[in-house]
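Here is how the chains run, residue by residue.
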Amino acid sequence: MKKHMLAAAVSAAIAHSSIAADIIDEPPLPPRLGPQAAAPAPAFPVFRGRVAVMDGRTLWYPQYAQRVRLADIDACELPQWALDPKWETRDKIKAPPPIPCGPLAKAWLKRTVGNKSVECVVLGYSHDGVPLGRCATGDEDLALEMLRVGWARVASPYPLNGQYLTVQNYAMAARYGMWATYVLDRNEWRRKAVDKTLDRRPIADFNLLAERESEISPPFVDARHKPKRTDR
């Protein structure tokens, strides 16, 4: 009788230990997960501080060692020349008088910035990785100012700021800045100009304009000086 009771006890202990071992060896359940939140969208940086003006559309923040281009506009490159359409001495001079549109664009942007702090809210990046920003000194949009005086043009047919095209159209009609000159389209100039150094001669751009695919300037028939109608 005692042998039967001992055998039963051993069997029960073995069974119990087997169940315990199964429990110990069972991997723990993962913690219960709630609904996952969407990953936050990457935030573009904002640059603030004093800047140096590199050209008519590019700023340099020395404290960040960072260039920023004004978004939605384009301006003459520093070595690029425009030409004066009022070429009245063709018998004496072989090319129209040159106009340094790149340096003039840079000079106006530098005048606008002065020694004021500039805030640039980055909107994206150009093909070469340079940030494109909406930049302002206080309430003054720098790109809008460059368009207002005619030393920049809208780079996209659909700029983010709807005022850009309106201001540009006014500057074109008034023949402000580069709109009073004969100047090659920026993209064509960048593609075709071999010499892009500051020693570039005006005759090089005169030759490019002679074989141009497109120019930026409007036709040189000034609407303000059209003959007045006399049949009224």
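Up top you'll find the structure we're talking about.
Counting from 1, residues in each chain are numbered in the order their sequence is written. In keeping with the model being predicted, local features are shown solely for residues with a pLDDT of at least 70 and side-chain atom pairs are shown and tallied solely at 80 or more, while totals for entire chains, interfaces and linings include all residues. Side-chain figures throughout are based on the complete set of non-hydrogen atoms in the structure, without hydrogens or water.

A.B. asks: How would you sum up the side chain of Arg69? Please name residues and give values.
C.D. replies: Every helix listed is a DSSP run of H or I at least four residues long, and every strand listed is a run of E at least two residues long, numbered separately from the N terminus. Note that Arg69 resides in strand β4 (residues 66–70). Under the scheme applied here, a residue whose accessible area is under 20% of the maximum for its type counts as buried, over 50% as exposed, and between as partly exposed, the area being computed with a 1.4 Å probe on protein chains only. Given the relative accessible area of 9%, Arg69 is considered buried. Looking at Arg69, its side chain comes within polar contact range of the side chain of Ser126, at 3.1 Å. For this analysis, residues touch if any pair of their heavy atoms sits within 4.5 Å. Each residue touching Arg69, except ones within four places of it in the same chain, is listed here: Arg57, Thr58, Ser126, Asp128, Val130, Pro131, Leu132 and Gly133. Residues adjacent in sequence count toward polar contacts only when both atoms are side-chain atoms; beyond that, a polar contact is any pair of N or O atoms within 3.5 Å, and within protein one must be able to donate a hydrogen and the other to accept it.

A.B. asks: Kindly report on a nonpolar patch on the surface, identifying the contributing residues and their values.
C.D. replies: Any residue with relative accessible area above 30% and no salt bridge may belong to a patch, with like charges joined within 9 Å and the nonpolar Val, Leu, Ile, Met, Phe, Trp and Tyr side chains within 5 Å. Throughout, the Shrake-Rupley method with a 1.4 Å probe supplies accessible areas, and for residues the shown protein chains are the sole cover considered. For salt bridges, the criterion is a side-chain nitrogen of Lys or Arg within 4 Å of an Asp or Glu carboxyl oxygen. Residues Val46, Val121, Leu123 and Leu160 make up a contiguous nonpolar surface patch of roughly 310 Å² in combined accessible area. Note on placement: Val121 falls in strand β8 (residues 118–125). A residue is classified by how much of its surface remains accessible, and Val121, at 32% relative accessible area, is partly exposed.

A.B. asks: Give a detailed account of the pairing of strand β1 (residues 46–49), specifying residues and quantitative values.
C.D. replies: Side chains of β1 alternate between two faces, with Phe47 and Gly49 buried and Val46 and Arg48 left unburied. Paired strands are those between which DSSP finds at least two bridges. When β1 meets β8, the two strands line up antiparallel, connected through four bridges. Looking at β8, one finds that Gly49 is bridged to Val118.

A.B. asks: How would you sum up the state of the cysteines? Please name residues and give values.
C.D. replies: Cysteine sulfur atoms are paired as a disulfide whenever they come within 2.5 Å of each other. Applying the stated rule across the entire model yields two disulfides. With a sulfur-sulfur separation of 2.3 Å, Cys76 is cross-linked through a disulfide to Cys101. A torsion of -100° about the S-S bond marks the disulfide between Cys76 and Cys101 as left-handed. Linking Cys76 in the loop between β5 (73–74) and β6 (82–83) with Cys101 in helix α2 (residues 101–113), this pair joins segments that are 25 residues apart in sequence. Shown here is the disulfide that connects Cys120 with Cys135, its sulfur atoms set 2.0 Å apart. Across the S-S bond of Cys120 and Cys135 the torsion is about 115°, and the bridge reads as right-handed. Here the residue Cys120 occupies a position in strand β8, and Cys135 occupies one in strand β9 (residues 131–137), the gap between them amounting to 15 residues. With respect to burial, Cys120 and Cys135 carry one shared label: buried.

Function cannot be inferred from these measures alone, as they are strictly geometric.
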